[in-house]
Amino acid sequence: MAETVTLDGVEIHLAAPDDVPLRWVGQPELVTQVLAAWLVLGEEDLPLNPRLIGKPGVGKTTLAYHAGRILQRPVYLFQATMDTRPEDLVITPVIAEQGRIRYMASPVVSAVIKGGVAIIDEGNRMSEKSWASLAPLLDARRYVESIVAGVKIKAHPDFRFCTTMNEDASTFELPEYIHSRLQPQIYIDFPDRDEERRILKSNLPFSDDEVIEYVLTFLQAAHEGDERYSVRDGINIARYALKRLAADGKQLGTERSELLPAVLGEAAAMILDVNAARLFSELLHAEPEDL
Amino acid sequence: MPNQRISSLDWGSIRFVPILHNLLEFAQEVRRQFREFRPEVVAVEYPETLMEPILRGVARMPLLSVVSYEEEDGVLTYLVLEPTDGQVEALRLALAEGVPVHFVDRDTADYPYDFRVFPDSYAVRRIGHQAYCDAWLRSDAAAGAVVQEDLLREKTMAYHLQRLSAEGRRVLFVGGLAHLAGVRREIEAPQARVIGRTHRDGVMLAHLHRDSSREILSETPFLAAQYEAARSGGEAEGLDRLEVQARMVRLAGERQWQHARERLSVQQLRVLNRFARNYALLSARLVPNFYQLLVAARGAVDDNFAYEVWEIGSDYPWQSEQPDLPVLRLSGEDLFLDQKRIRFHRRLKQMRRRLVPVPVRRRAREAAPGEWRRSFRGEAICSYPPEDLVIEGYGQYLKKKALEVKTEENVRIEPFTGSMQDGLDVRETVRRWATGRVYVREERPLRGRVGSVVVIFDPDEPGGEGKEAYPWCVTWLGEHDQESDMAFYSTPAGEVMKGPGISLCQHGGFMLTYPPMRVFDIWKDPFFGQARNKPERLLMAAIDYSLEQHVVYVAAEPPSGRCRSVAARLGKTILYLPIGIFSAETLRKMRSFHVLDGHPVRRYAHRYV
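Here the structure is a predicted model, which is why all the values come from computation and not from measurement.

A. Spotlight on the overall build of chain B. The number of helices and strands found in chain B is 20 helices and 21 strands. Counting only residues that meet the buried cut, chain B has 54% of its 609 residues in that class. Excluding contacts between residues fewer than 6 apart, the proportion of contacts in chain B whose partners are at least 24 apart in sequence is 77%. Split by element, the accessible area of chain B, about 27800 Å² in all, is 52% carbon and sulfur.

Here you go:
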């Protein structure tokens, strides 16, 4: 049964916090930056609302979730889309039994009430109108107002906020008054070779080193060439290739080393595109010293 | 000695000044104690094998020098002489006042790194040097691992100090805080000279290249430079690290205005300071380091501002065009990527030296300052085509957006009576659920199209002396049938250079009108003579040249009554949109544009833009 609270005589149903297997590996400096944005010194101080910026797949959500976990507060994830309406972010009325209205708090408002960490994922996809409903929450006022339920909700002192944004063009333009509330911006770049290896190993504990090294070399070459392929793509390629290797190896009785190049190339083509498959193929046929 | 309070830092006629190497506050403390103690002899924790090159390097300060030599195992060792180092300061003062100097350390090979952590040196400024040393000596770190080599070095130092003290002269000893307890312990018992190297061949003294000084100085080069300047003005002891950082940010803000006509807002400055402060605190520091300050500058403002901070912060002005010594380039990257294993001088135990990539994008540099600016002729200027496409696209976006906004404003929601109009308004219906009424919405789209667009970033009201920030007024015709005619006022071409023949300018405001090839120079056209300022002139031209019903006007202030009446007379409407509703980031991009010194520059401009 979902938790409920009563504010100004209105009963509000809260969302449950998220408990997901996201683990941040490497780049500890970035975690410190997020925590630094949230740190407050004394009652007069206010936390900042960082905006995590980076290419898709670099781990923005994972970083935010990980930082939230370090604070040992409940973490609430909210996936923003182009269709997100202001009330989706605050309180949504739904029709319950006997035609009565039930007020459902969004993950953001649930975090506001419980003193948790709210993460709005892909905030750049959301319209200005939706962001505007959070404006008072993100400045010194620290409250959110629901017109539908007719309540004004004051944020718990432990409430923290963070949003992630992709560096691509398919996004809404945010006006200055929203921009200035989502500060500081924390940039996440692709990890270096060692860190990327650790991320791959942590996500693919069942994989052998050979596959990981191939994928790693591919990813590093892609970052070097400013391609968009991310560690998330690398993990998916390796997963697919490992499944194929397991299945084909049994069926055909073929040597693994013979199958590996073809399978990885195929995985790159299936999961990414022809260019990725070509890049993979070049890397697999390069001499070791060229890598 | 660890876990005990030191009542005094004196032993006989010797005064100990324990320092952390290459940190401002300790160099300041050395100066203070030098003045107070008036030593007859100065002893420093350098080996006598390096005496001659170090003294030569110190004598040529403020120019930066590097002492280097190769060890028997082929490892290159470098010792950078920095003005903010306590030992260097002691030597400089001694040389200036003719006090004899002694190098009392042992020459050691393969000395292991010391990873002990020290409190932030800024604490010295607030609680005083003695309290700082006391606190450290009481900590567990002070009692940390002591290797055999440490013991030999401390015995050597104690031996030399006993010898100097026996002569009864006042000796000022400047050495690492990590050795304080050890040297104090050894000096209590008579010491014999420890056998060790007394001579070293192949020690080189080189001049540090300007680019290297940007990367490898322990203190921020700007801070080192400020210290150097304050030193010659006799105010070195008063220099405060936090104030220097604030000055650095202020100067970067001024340069940002110069280059991009953007002012650092109070809110941005507040975010920068809070973020940097918190970042430092979470890294167990009292004051942010240069890297943290850069991250905060990028976080609170943008990459360009972070670059300005880096440019100012990493500049050490005392450089020589024709140095008297061979020039050495050392870079942070080399230290990690070079095939040779290079380590910094092992005696320089520092607080967690770690090289982190500078979070700014590199830009092309001139061979000599002002070179690009001098060669810009400005006779056959042209635009940079990719930017034309961007600004044209933004003009289209503004046209669409204006119609959308005005259409949205025309929506009316009313209780359902006889007609469903354009459909049910669920939001209003639910909100007033208790009344039991149903609400419907009526959409009334705006008729007509947009012919011209005007964007005013800055109205450029002349300052007290009539000085304009955007004096360059230009009209450009579209180069093909898909490109609008454009008129704008901006910063002058040739003022800020980004490459040879490539100047960066900032729009104060611009006007786009379509179709192209129609506009006569609006800045000279007497028809717009009644305009009182540049925004009015742009808007009047936009109204006059618009072939469609509407003209979009984006600015901080609504259009003047005079412009509205001109529009009414010509049967046009002005759709005003406050500039604040648009993304500041996009506006920033739209504001900057490049002017090329002739069409041939277009071929290579992409390498610099």
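B. Focus on the sheet that holds strand 4 (residues 75–79) of chain A. Residues and elements named next belong to chain A. Across the sheet, 5 strands lie side by side as 4-7-10-3-11; this open sheet has parallel pairing. Single-partner strands in this sheet number two, and they are strand 4 and strand 11 (185–188). Within the sheet, the average angular offset between the axes of one strand and its neighbour, ignoring direction, is 20°. Examined bridge by bridge, strand 3 (residues 51–54) and strand 10 (residues 160–166) share 4 bridges and lie parallel to one another.

C. Representation of the sheet that holds strand 7 (residues 171–176) of chain B. The mixed open sheet is built from 5 strands, whose spatial order is 1-2-7-3-6 (chain B). The strands lining the two open edges of the sheet, one partner per strand, are strand 1 (10–11) and strand 6 (101–105) of chain B.

D. View of a nonpolar patch on the surface. All names here are of chain B. A surface patch of nonpolar side chains, about 410 Å² in accessible area, is lined by Phe416, Met420, Leu424, Val426 and Val438. Within the secondary structure layout, Val438 lies in the loop between helix 17 (426–431) and strand 13 (439–442). What makes Val438 partly exposed here is its relative accessible area of 35%.

E. Seen up close, the interface of chain A and chain B. With 32 residues of chain A at the contact, the number on the chain B side is 31 residues. When chain A packs against chain B, close to 2800 Å² is buried across both sides, 54% of that on carbon and sulfur atoms. For the interface between chain A and chain B, the tally reads 3 salt bridges. Across the salt bridge formed by Asp45 of chain A and Arg274 of chain B, the nearest N and O atoms sit 3.6 Å from each other. One can count 11 residue pairs in polar contact (both at pLDDT 80 or more) joining chain A with chain B.

F. Local environment of the pairing of strand 5 (residues 91–95) of chain A. Residues and elements named next belong to chain A. With 5 bridges joining them, strand 5 and strand 6 (residues 101–105) adopt antiparallel strand pairing. Counterpart to Thr92 in the pairing with strand 6 is Met104. From the end of strand 5 to the start of strand 6, which pair antiparallel, there are 5 residues, and Gln98 there has a positive phi angle of about 55°.

G. View of the pattern of salt bridges. Taken as a whole and assessed by the stated rule, the structure comprises 47 salt bridges over all chains. Here the residues in one salt-bridge network are Arg193, Asp194, Arg197 and Glu213 of chain A, joined through shared partners.

H. How the structure looks around helix 2 (residues 51–59) of chain B. Looking only at helix 2 of chain B, the buried set comprises Pro53, Ile54, Leu55, Gly57 and Val58 of chain B. Contact partners of the buried residues in helix 2 of chain B: strand 3 (41–47), strand 4 (65–70), strand 5 (76–81), helix 3 (86–97), strand 6 and strand 8 (204–208) of chain B.

I. Quick peek at the nonpolar core. Grouped together as the largest cluster of nonpolar side chains are 58 residues, with contacts concentrated most on Phe16, Val42, Tyr46, Ile54, Leu81, Leu91 and Leu161 of chain B. Among residues more than four places away in sequence, those in contact with Leu91 of chain B are Val44, Tyr46, Ile54, Leu55, Val58, Val101 and Phe103 of chain B.

J. Structural view of the packing of helix 18 (residues 534–545) of chain B against helix 19 (residues 561–569) of chain B. Residue and element names in this part refer to chain B. Direction vectors running N to C along helix 18 and helix 19 enclose 10°, while the axes themselves pass 10 Å from each other. With respect to their mutual orientation, helix 18 and helix 19 come out roughly parallel. Counted together, Glu536, Leu539, Met540 and Ile543 of helix 18 and Arg562, Cys563, Val566 and Ala567 of helix 19 form the full contact between these two elements. Each residue belonging to the contact of helix 18 with helix 19 can be placed in one class, and the counts come to 6 nonpolar, no polar and 2 charged.

Reading the values: the criteria
- Residue indices begin from 1 for each chain and proceed along its sequence in written order.
- For naming, the first written chain is A and the first written ligand is 1, with later ones following in the order written.
- Local features in this predicted model are restricted to residues of pLDDT 70 or higher, and side-chain atom pairs are both shown and tallied only at a pLDDT of 80 or more, whereas totals for entire chains, interfaces and linings draw on every residue.
- In computing side-chain properties, one takes all heavy atoms of the structure into account and sets aside hydrogens as well as water.
- Secondary structure elements are taken from DSSP: a helix is a run of H or I of four residues or more, a strand is a run of E of two residues or more, and numbering for both begins at the N terminus.
- Relative accessible area decides the class of each residue, using a 1.4 Å probe on protein chains only: under 20% of the type maximum gives buried, over 50% gives exposed, and in between gives partly exposed.
- The contact definition used throughout considers only heavy atoms, calling two residues in contact when any of these lie within 4.5 Å.
- To measure how exposed things are, a 1.4 Å probe is used in the Shrake-Rupley method; for residues, cover is taken only from the protein chains shown.
- Pairing between strands is defined by DSSP: at least two bridges between them are needed.
- Axis geometry follows a simple rule: fit a line to the C-alpha atoms, using only the stretch in contact for helices, then measure angles between N-to-C directions, giving values from 0 to 180 degrees.
- In this scheme, patches are assembled from residues that exceed 30% relative accessible area and form no salt bridge. Like charges are connected within 9 Å, while nonpolar side chains (Val, Leu, Ile, Met, Phe, Trp, Tyr) are connected within 5 Å.
- By definition here, a salt bridge exists when the distance from a side-chain nitrogen of Lys or Arg to a carboxyl oxygen of Asp or Glu is within 4 Å.
- Reported buried area values correspond to the accessible surface (1.4 Å probe) lost by two parts on association, with both partners' losses combined.
- For this analysis, a polar contact is any N or O atom pair within 3.5 Å, provided that within protein one partner can donate a hydrogen and the other can accept it, and provided that sequence-adjacent residues contribute only side-chain to side-chain pairs.
- Buried residues of nine kinds, namely Ala, Val, Leu, Ile, Met, Phe, Trp, Tyr and Cys, make up a nonpolar core once their side-chain atoms join them within 4.5 Å.
- Angles below 35 degrees are treated as roughly parallel, those above 145 as roughly antiparallel, those between 65 and 115 as roughly perpendicular, and all remaining angles as oblique.
- Under the scheme applied, nonpolar residues are Ala, Val, Leu, Ile, Met, Phe, Trp, Tyr, Cys and Pro; charged residues are Asp, Glu, Lys and Arg; polar residues are all the others, including Gly.

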